[in-house]
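# Report on the structure
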Amino acid sequence: DKTKRRLRKSKKTVDYNGVLGTAQQQILFFSGNLSWIDESPESMKILEQLAQKKIRCMILTRVDIVSEQKIQILLHLNSRFGRDLFQIRHCEQPLRAMLVDSSLLRMKETFSPQGHKELKEQIFLYYAIEDTEWILWLQKVFWQLWNQSVDAEMRLQALKDIHH
């Protein structure tokens, strides 16, 4: 059933590596600052496996001094594997999601005590959506943002020029 939706509530982050490992062609990421890379000690191993399998990873994220190190790590994988499999663009947007091929959408929503005084601790909601219409719509949103975003290497060079 392609309209399946699952929701999981957690007080801690969820390991995305199982989802990443299912990719066959590409993964589209809506990220804030690439913090998902640090959520599991296995993340770098999984990213290397994606590169070995030639899975394209297109990433929309903030490209700034906070995320620079993680961006450089991903760009280094491109050099190491001789392909531009990790393409990154600077984009500040509110979504935290990944689209795996055209079959799975994983989204994360965060609720913190700072924004919701009723909460005692941070809560994460994870959505797993396999609805084709949702996935196609969010792919269109992704490519719209991608086409108006700045390449990460250009953005990093501009930041470097400003700070030196």
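Look above for the structure.
For clarity, every value in this text was computed on a predicted model and none was experimentally measured.

Evaluated as defined, the whole model comprises six aromatic pairs. When the centroid spacing of 4.7 Å and the interplanar angle of 0° are considered together, the rings of Phe 29 and Trp 36 count as stacked. A relative accessible area of 1% places Phe 29 in the buried class. The exposure class assigned to Trp 36 is buried, which follows from its relative accessible area of 10%.

Moving on to unusual backbone geometry. The backbone phi angle of Lys 54 is positive, close to 60°, even though this residue is not glycine. When you line up the elements, Lys 54 lands in the loop between helix H2 (43–52) and strand E3 (56–61).

Rolling a probe over the atoms, with the probe sized like a water molecule, indicates the empty space that remains. Volume-wise, the largest pocket comes out at about 250 Å³. Lining the largest pocket are 18 residues, and of these Phe 30, Ser 35, Trp 36, Arg 96 and Lys 108 lie nearest its centre. Within the residue set of the lining of the largest pocket, elements represented by two or more residues are strand E2 (26–30), strand E5 (97–100) and strand E6 (104–111). The element best represented in the lining of the largest pocket is E6, accounting for four residues. Residue composition of the lining of the largest pocket, by class: seven nonpolar, five polar and six charged. Of the voids in this model, the second largest pocket is the one considered here, and its volume is about 160 Å³. Taken together, Ile 65, Glu 68, Gln 72, Leu 156, Gln 157, Leu 159, Lys 160, His 163 and His 164 form the lining of the second largest pocket. Elements represented by at least two residues in the lining of the second largest pocket include exactly helix H3 (68–81) and helix H5 (152–163). With five residues, H5 is the single largest residue contributor to the lining of the second largest pocket.

Here is what the cut-offs are and how they apply
Residues numbered from 1 in each chain as written. Predicted model: local features only at pLDDT ≥ 70, side-chain atom pairs only at ≥ 80, totals over all residues. Heavy atoms only, no water. Phe/Tyr/Trp six-rings, centres within 6.5 Å; stacked < 30°, edge-to-face > 60°. Buried < 20%, exposed > 50% of the residue type's maximum accessible area, 1.4 Å probe, protein only. Helix = DSSP H or I, 4+ residues; strand = E, 2+ residues; numbered from the N terminus. 1 Å grid on protein atoms, 1.4 Å probe; cavity = no way out; pocket = protein on both sides within 12 Å on 5 of 7 lines; lining within 4 Å. Points joined across faces, edges and corners; volume = space filled by probe spheres on them. Nonpolar A, V, L, I, M, F, W, Y, C, P; charged D, E, K, R; others polar.

Without other data, these values stay purely geometric and don't point to any function.
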